[in-house]
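A structural walkthrough
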Amino acid sequence: SGASPEESASDPDCEYAALYFNPTMTKERIQRAQERIYRHSMTAEFSKKWNLPIYYQLRFGEFCNRLNKAIDQVQKEGWQADVFSGEVPQNEKLQSMPAFSIPLFLELYDVILSLWRRDIILRPLTHRFLRGGIQMVGRVVGFVRDGLTGKIMFGEDPPPDPISNGVNGQPKTSHRTFYNKYCWGENLEDVATVAWELSLLESKLSGAYMEQILEAVGNPTNVGDFVTEAEKIEVKSIVSDVLQEAIRDLLPVIKMSWDETIVQILTKQCSDPLLAVKGVAATYRMTNRPPPTQPSPFVPTILRPLQEFDSKFSDRTPEMVGSGWKLTVISSVSEKYSAAVEELLATVQRTEVALKNRKAKRAAAGGMSDGEKVKLQLYLDQLEFSRNIADLGVDLR
């Protein structure tokens, strides 16, 4: 017949079926065959020439170069520098997930995922690849930390300007390119956005990334071996412990971003309008203005930076941060406000003592003194400030 040998072997009615070897493949037979291959002298000779640590160093160096190149570009061009160098389909896949908005974090996540690709990972090197991924996460976390504290500045230094002469020995006009070195840790939105990216990275490390590792290590088609359920449980425990080490490095940077950097920036911005408190006295001193009925115009501007920031980043505030940062800002600004009001009241009191006789005459005529008008204005201002605090959902009691 025109049937192939394979078809003939699988056809029990074929008269030549018995002549074909058609073994039954079982898990035990495959394992025994693999063991014979591993024990063979040619396998041992090949293993001597195949150096696993060198293979890992080559792969790790390749990914480190990719990450370092991205970091260098971000330092020159800023956080929105387009540094993703992975494959376009992978980029689209990552963007469909709870996505990073800063390309560097997308690049980092793609790099550490690539360590566990089928054409990359070797099971005997699992511990090295796991540690390598954590080291690359630590590289980015250190870069963020140094930027927050001002150890690393963004932008570029100007190139050296060679001394050259123009016509008749006169200095030649220099046309310089504009260069600007800056600390991104002083930019409120940059700090909040980077902190949010770190929180996304933290959630991925303990979730999707760990699943990717377990799938790569536990898949027999990848490693040429079978993995028991007991081994899977043990590997999951080890991977989880190592990833928790990376997460522990992330959390302090996220907390520092909000509880220190963001608090300091917002406290400064909210405190600037308090300079207008001193002007309240001048508004009523010997001006014959009627008593106030509305808060001062500057009062709504005190907490405006906090209100605008909270509105913009309310859905990008890490859960671990909570609302304590907001309470800290309001408390600090309130203390500064109280100090400014106390200082003004002391000045008003001294003025009233100096003008005691004039005050007595005005009181007899049934009018308010300048000092009383100032105190009423401060009272109205305080009520408005308290309403603004309540609008932020913070109770200082």
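Predicted model, so just to flag it, every value in this text is computed and none were measured.

Quick look at the overall build of the protein chain now. Assigned secondary structure in the protein chain consists of 17 helices and 0 strands. When each of the 397 residues of the protein chain is scored for burial, the buried share is 38%. At a minimum sequence separation of 6, the contacts of the protein chain that also span at least 24 residues come to 75%. When the accessible surface of the protein chain is totalled, it reaches about 23700 Å², and 53% of it is carbon and sulfur.

Here the focus is helix α11 (residues 229-271). Across its 43 residues, α11 extends 60 Å between first and last C-alpha, which sits within 8% of the 63 Å expected from 1.5 Å per residue. Its maximal kink placed at Ser257, α11 deviates by approximately 35°.

A word on the nonpolar core. Counting residues in each nonpolar core, the largest one holds 98 residues, and the members touching the most others are Trp79, Leu104, Trp116, Met136, Val144 and Tyr209. The greatest single-element share of this core, amounting to 15 residues, is contributed by α11. Ignoring anything within four residues of it in the chain, the contact list for Trp79 reads Val74, Ile102, Pro103, Leu104, Phe105, Phe143, Val144, Phe154, Trp184, Asp190 and Val194.

In contact at an axis separation of 11 Å, helix α14 (residues 304-313) and helix α15 (residues 324-354) are set at 170° when each is read in the N-to-C sense. The orientation of α14 relative to α15 falls into the category roughly antiparallel. On α15, the residues that touch Leu306, Phe309 and Asp310 of α14 are Trp325, Lys326, Val329 and Ile330. By residue class, the composition of the contact of α14 with α15 is 5 nonpolar, no polar and 2 charged.

What follows covers the pattern of salt bridges. Pairs can form between side chains of opposite charge whenever their charged atoms are close. With the rule as written, the count across this model stands at 11 salt bridges. Sharing partners across several salt bridges, the network here consists of Arg66, Glu107 and Asp110.

Here Ser257 lies in helix α11. Using a relative accessible area of 2% as the deciding quantity, one classes Ser257 as buried. Those residues in contact with Ser257 that lie beyond four places of it in its chain are Leu148, Val191, Ala195 and Ile262.

Now for the confidence of the model for the protein chain. Overall, the predicted model of the protein chain reaches an average pLDDT of 83, with 79% of residues at or above 70. Counting interchain partners and residues more than four positions distant, the pLDDT-below-50 stretch residues 173-178 has 4 contacts.

Let us now look at the packing of helix α4 (residues 52-77) against helix α7 (residues 126-148). Where α4 meets α7, the axes come as close as 11 Å, and the angle between the chain directions of the two elements is 15°. Put simply, α4 runs roughly parallel to α7. Two packed elements cross with a definite hand, and for α4 against α7 that hand is right-handed. Each of Pro53, Tyr55, Tyr56, Arg59, Phe60, Phe63, Cys64, Leu67, Asn68, Ile71, Val74 and Gln75 in α4 lies in contact with α7, whose residues at this interface are Arg128, Phe129, Gly132, Gln135, Met136, Arg139, Val140 and Phe143. Looking at the contact of α4 with α7, its residues break down into 13 nonpolar, 4 polar and 3 charged.

Parameters and conventions
Residues numbered from 1 in each chain as written. Predicted model: local features only at pLDDT ≥ 70, side-chain atom pairs only at ≥ 80, totals over all residues. Heavy atoms only, no water. Helix = DSSP H or I, 4+ residues; strand = E, 2+ residues; numbered from the N terminus. Buried < 20%, exposed > 50% of the residue type's maximum accessible area, 1.4 Å probe, protein only. Contact = heavy atoms within 4.5 Å. Areas by Shrake-Rupley, 256 points an atom, 1.4 Å probe, with all protein chains shown as cover. Expected span 1.5 Å × (residues − 1). Bend = angle between axes of the 7 residues up to and from the residue. Core = buried A, V, L, I, M, F, W, Y, C linked by side-chain atoms within 4.5 Å. Axes fitted to C-alpha atoms, helices over the stretch in contact; angles between N-to-C directions. Parallel < 35°, antiparallel > 145°, perpendicular 65-115°, else oblique. Nonpolar A, V, L, I, M, F, W, Y, C, P; charged D, E, K, R; others polar. Salt bridge = Lys/Arg side-chain N within 4 Å of Asp/Glu carboxyl O. pLDDT = per-residue confidence, 0-100. Left-handed = near helix turned anticlockwise from the far one by under 90°.

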